[in-house]
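The residues making up each chain are set out below.
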Amino acid sequence: MSELRDLRGQVALVTGASSGIGAAIAEALALRGVRVTLAARRVDRLDALAQRLRQADGAGETQVVACDVREEAQVREAVSQTLERWGALDILVANAGFGGRGPLVDGDPARWKAMLDTNVFGLLLTLKYGARPMLEAGRGHVVVMSSIAGVVTTAGGAAYCGSKAAASAIADALRMEVGPQGVAVTAIEPGVVISEFQAVAEYPPDILENMLHGATPLQPADIARVVVQVCEQPEHATVGELIIRPRGQARP
Ligand SMILES: NC(=O)c1ccc[n+]([C@@H]2O[C@H](COP(=O)([O-])OP(=O)(O)OC[C@H]3O[C@@H](n4cnc5c(N)ncnc54)[C@H](OP(=O)(O)O)[C@@H]3O)[C@@H](O)[C@H]2O)c1
């Protein structure tokens, strides 16, 4: 049986690293000795995480880059700064995103636009600029943070489910394009994870109860653990898509 790969010394870029799942993934990678570029808009949050990781025994170096994934120049810059600092990009975690629910006919077009610009256009930009150096190196691993909402559609989810169905499709198209050239692509599709997501999405409290029915929700560290495990797989074995739910979450 093949051994899991040691990630120590690899270089990662994580978007949306200022909070929740992205922060947990960045931390888990750094604690395995991966050098990590932390990217998001709230630089103070990124600085605080970088500061904490600098004090952790054996953690890989980190650098902070301000990046709004909707802005092409900022995404390009985040990739460039990673390459300039460490000369490689081995793991790209395209995680930045946000949600929201409600009847389509009551929807706020400005909010839809911000969501689609972030979850879809920003994802495409992140993959365009992040996957290029991997293709040049003939190796690398792209992790796309989709959602169970991209796999199972629900009423009230027109914009968010649509954006995450797009994210899973984009990941799969990229997998087909770059897999033969040595680059792995994985779409992660989590169920309910407690983070700032719920507040940003302006969820009323009963939404979570209706999804969980008393089940224990996931924490960002649960997603970080599977992302690390996916990246540790031997080079010939790609996890293309991975659903992780709270055990008691039946739907979505
Ligand atoms: N929580 C869940 O239940 C759940 C389930 C399935 C999938 N997901 C997905 O997981 C990802 C992370 O969500 P989370 O739960 O960790 O939520 P979170 O705690 O709200 O974190 C969202 C992250 O995305 C970043 N972000 C948002 N817009 C951005 C932009 N325009 N440019 C750059 N970064 C941006 C935020 O950073 P700044 O605000 O500092 O820019 C923040 O770091 C999202 O893609 C979400 O759709 C979440």
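Look a little higher up for the structure.
Scope of this entry: the structure provided in the associated data block. (Residues numbered from 1 in each chain as written. Predicted model: local features only at pLDDT ≥ 70, side-chain atom pairs only at ≥ 80, totals over all residues. Heavy atoms only, no water.)

A look at the sheet that holds strand β3 (residues 62–66)
Working step 1: Taken in spatial order, the seven strands make up an open sheet running β3-β2-β1-β4-β5-β6-β7, and their pairing is parallel. Edge positions in the sheet fall to β3 and β7 (241–244), since each of these pairs with one other strand and no more. Strand-to-strand twist across the sheet, computed as the mean angle between neighbouring axes with direction ignored, equals 15 degrees.
Working step 2: Pairing geometry for strand β1 (residues 11–15) and strand β2 (residues 35–40), over five bridges, is parallel. Bridge assignment links V14 to a residue of β2, and that residue is L38.
Working step 3: The sheet strands contacting helix α5 (residues 158–178) are β5 (140–145) and β6 (183–190), and the helix crosses β6 at an angle near 160 degrees. (Pairing = 2+ DSSP bridges. Helix = DSSP H or I, 4+ residues; strand = E, 2+ residues; numbered from the N terminus. Axes fitted to C-alpha atoms, helices over the stretch in contact; angles between N-to-C directions. Contact = heavy atoms within 4.5 Å.)

Quick word on the packing of aromatic side chains
Working step 1: Under the criterion given, the structure shown has two aromatic pairs.
Working step 2: Taken together, Y160, F197 and Y203 form an aromatic cluster joined through their ring pairs.
Working step 3: Across the ring face of Y129, the terminal group of K128 is positioned such that the distance to the ring centre comes to 5.4 Å. (Phe/Tyr/Trp six-rings, centres within 6.5 Å; stacked < 30°, edge-to-face > 60°. Lys NZ or Arg CZ within 6 Å of the ring centre and 35° of its normal.)

Examining the nonpolar core
Working step 1: Ranked by size, the top nonpolar core spans 36 residues in total, and within it I25, L29, V36 and I223 carry the most contacts.
Working step 2: Elements with a contribution of two residues or more to this core: β1, α1 (20–31), β2, α2 (43–54), β4 (91–94), β5, α8 (220–231) and β7.
Working step 3: For this core, the leading source of residues is α1, giving eight residues.
Working step 4: For I223, the contacting residues outside a window of four places in its chain are I21, M145, I188, P190, V193, L218 and I244. (Core = buried A, V, L, I, M, F, W, Y, C linked by side-chain atoms within 4.5 Å. Buried < 20%, exposed > 50% of the residue type's maximum accessible area, 1.4 Å probe, protein only.)

Describing the site of the ligand
Working step 1: Near the ligand lie 30 residues; those nearest to it are S18, S19, R41, Y160 and S195.
Working step 2: Take S19: an N or O atom from its side chain is 2.5 Å from an oxygen atom of the ligand.
Working step 3: Against a free-state accessible area of 870 Å², the protein chains account for coverage of 96% of the ligand.
Working step 4: Those elements that place two or more of their residues in the shell around the ligand are α1, α5 and α6 (197–200). (Near = heavy atom within 4 Å. Polar contact = N/O pair within 3.5 Å; in protein donor to acceptor, adjacent residues only side chain to side chain. Areas by Shrake-Rupley, 256 points an atom, 1.4 Å probe, with all protein chains shown as cover.)

Regarding unusual backbone geometry
Working step 1: Here the residue pair R251 and P252 is connected by a cis peptide bond, since its omega of -5 degrees sits within 30 degrees of zero.
Working step 2: By the secondary structure assignment, P252 is in the segment after β7.
Working step 3: With a phi angle near 55 degrees, E202 is a residue other than glycine that sits in the positive phi range.
Working step 4: Residue position: E202 is located in the loop between α6 and α7 (206–212).

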